[in-house]
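# Structural overview
The chain contents come next:
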Amino acid sequence: MLSPDPPAVRGAAPERQRSQGRIHLRVACADGHDTRILDIGEGGPLRLRLPRRPKGPCEAVLLNTAGGIACGDTFRVTADVGAGGDLTLTTTAAEKVYRSDGPVSRIATVVTVGAGGRLAHLPQETILFDQAALARRFEADLAPGAHLLAFEAITFGRTARNEPMTRGHLSDTWRIRRDGRLVYADTLRLDGALSDQLARTAIGNGARAMAMLLDVSPVAEGRLDETRALLDATGVDGVAAAASAWNGHLVVRLLGRDPDALRAVAQRLLTAYRGRPLPRVWQS
């Protein structure tokens, strides 16, 4: 279940018609190395684009034809990667979440990965406008031997306008299960004057953007030293980064005062860590 509305915004606006976007994608390994699409479903403003490719891994690009997320919109993306399949899921551009006069916008991503399957969930950053309210949830069910690499980044306020977040709400929930057992749980919740909270040393130390990279795979925990070396090699001033690993997964967290600098670090890290280029939409 998604988290309840924050007390500050519950019931503050009249009922209105909102967008409800839905995407469902199911892929499977066809002949030992080629991942093929078995089923696609689209609804509301969400669309899925599939770049032409040679045989091998599958790449799918999410497109929000509404141009952003308004107060009270709900989006749900489900992806099912069959045994041995290889899917990269990304977005055409940064997602914008506009100011809300009360209702909370909701984004849910629910994925399953079969034995030996691989899913790279690599959306571009989410930009929260001042007074935006967003509840986001990521859930994954992994079979034994499955690989999940998930990345998410958030920018607080429109940096071109030097916009502070005088008020807002963000709840970000992650739940990962392997073979039916919960192996990773993480929840971030910020409410109120977000820019003031992020300015505090113990929370953000002045950060205007944050990101997380999560690797849950049989080899993730053993890549900690490699990942820390990559962070040393790709880091820039103003972007703080740290990596930790335990219980079969690895987590990298990044904080930055300059969202563009954080994005650049994330691009270099993801490219090096994956050993393959990022989706082409990341360069456009």
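The notes below deal with the structure included here. Small disclaimer: the values here were computed from a predicted structure and weren't measured.

Rules and cut-offs
Residues numbered from 1 in each chain as written. Predicted model: local features only at pLDDT ≥ 70, side-chain atom pairs only at ≥ 80, totals over all residues. Heavy atoms only, no water. Helix = DSSP H or I, 4+ residues; strand = E, 2+ residues; numbered from the N terminus. Buried < 20%, exposed > 50% of the residue type's maximum accessible area, 1.4 Å probe, protein only. Phe/Tyr/Trp six-rings, centres within 6.5 Å; stacked < 30°, edge-to-face > 60°. Lys NZ or Arg CZ within 6 Å of the ring centre and 35° of its normal. Arc of directions from axis to C-beta. Contact = heavy atoms within 4.5 Å. Pairing = 2+ DSSP bridges. Axes fitted to C-alpha atoms, helices over the stretch in contact; angles between N-to-C directions. Parallel < 35°, antiparallel > 145°, perpendicular 65-115°, else oblique. Left-handed = near helix turned anticlockwise from the far one by under 90°. Nonpolar A, V, L, I, M, F, W, Y, C, P; charged D, E, K, R; others polar.

### So, unusual backbone geometry
In terms of backbone geometry, most residues other than glycine have negative phi values and most peptide bonds are trans. Phi angles above zero are rare outside glycine, and Q131 is one such case at about 75°. Along the polypeptide, Q131 turns up in the loop between β10 (126–128) and β11 (133–142). One non-glycine residue, N247, lies in positive phi territory at about 50°. One can find N247 in the loop between β16 (239–246) and β17 (249–256). On the basis of relative accessibility, which here comes to 61%, the residue N247 falls in the exposed class.

### Regarding the packing of aromatic side chains
Under the definition given, this model contains 4 aromatic pairs. Measuring from centroid to centroid gives 5.0 Å for Y98 and F129, while their planes differ by 85°, and the two rings are edge-to-face. Of the two residues, Y98 is situated in the loop between β7 (95–97) and β8 (105–113) and F129 in the loop between β10 and β11; the sequence distance between them amounts to 31 residues. F129 gets classed as buried once you look at its relative accessible area, which sits at 10%. Relative to W174, the ring of F138 lies with its centre 4.9 Å away and its plane at 35°, an arrangement referred to as tilted. Residue F138 is located in strand β11, and its partner W174 is located in strand β13 (residues 168–178); the two are separated by 36 residues in the primary sequence. Take F138 and W174: they sit in the same class, and that class is buried. Between the NZ or CZ atom of R223 and the centre of the ring of Y273, over which it lies, the distance is 3.7 Å.

### Quick word on helix α2 (residues 224–234)
Those residues of α2 that fall on the buried side of the exposure criterion are L224, T227, L230, L231 and T234. Each buried residue of α2 lies within a common arc of 120° when the element is viewed along its axis, so the set occupies one face. Facing away from the buried surface of α2 by more than 90 degrees, the exposed residues are D225, D232 and A233. For α2, the elements touching its buried residues are β16, β17 and α3 (259–274).

### A closer look at the pairing of β8
For β8, a buried count of 8 out of 9 residues is recorded, marking the element as mostly surrounded by other parts of the structure. Of the pairings in the sheet, the one linking strand β5 (residues 74–81) to β8 comprises 8 bridges and is parallel in character. When the sheet's bridge partners are listed, T74 is paired in β8 with R106. Note that β8 and β11 share 9 bridges and pair parallel. The residue bridging V113 from the neighbouring strand is L142, located in β11.

### Concerning the packing of α2 against α3
Interhelical geometry of α2 versus α3 gives an angle of 140° and a closest axis separation of 10 Å. With respect to α3, the axis of α2 lies oblique. Every pair of crossing elements has a handedness; the one defined by α2 and α3 is right-handed. Contacts between α2 and α3 pair T227, L230, L231 and T234 from the former with V265, R268, L269, A272 and Y273 from the latter. Of the residues belonging to the contact of α2 with α3, the class tally is 6 nonpolar, 2 polar and 1 charged.

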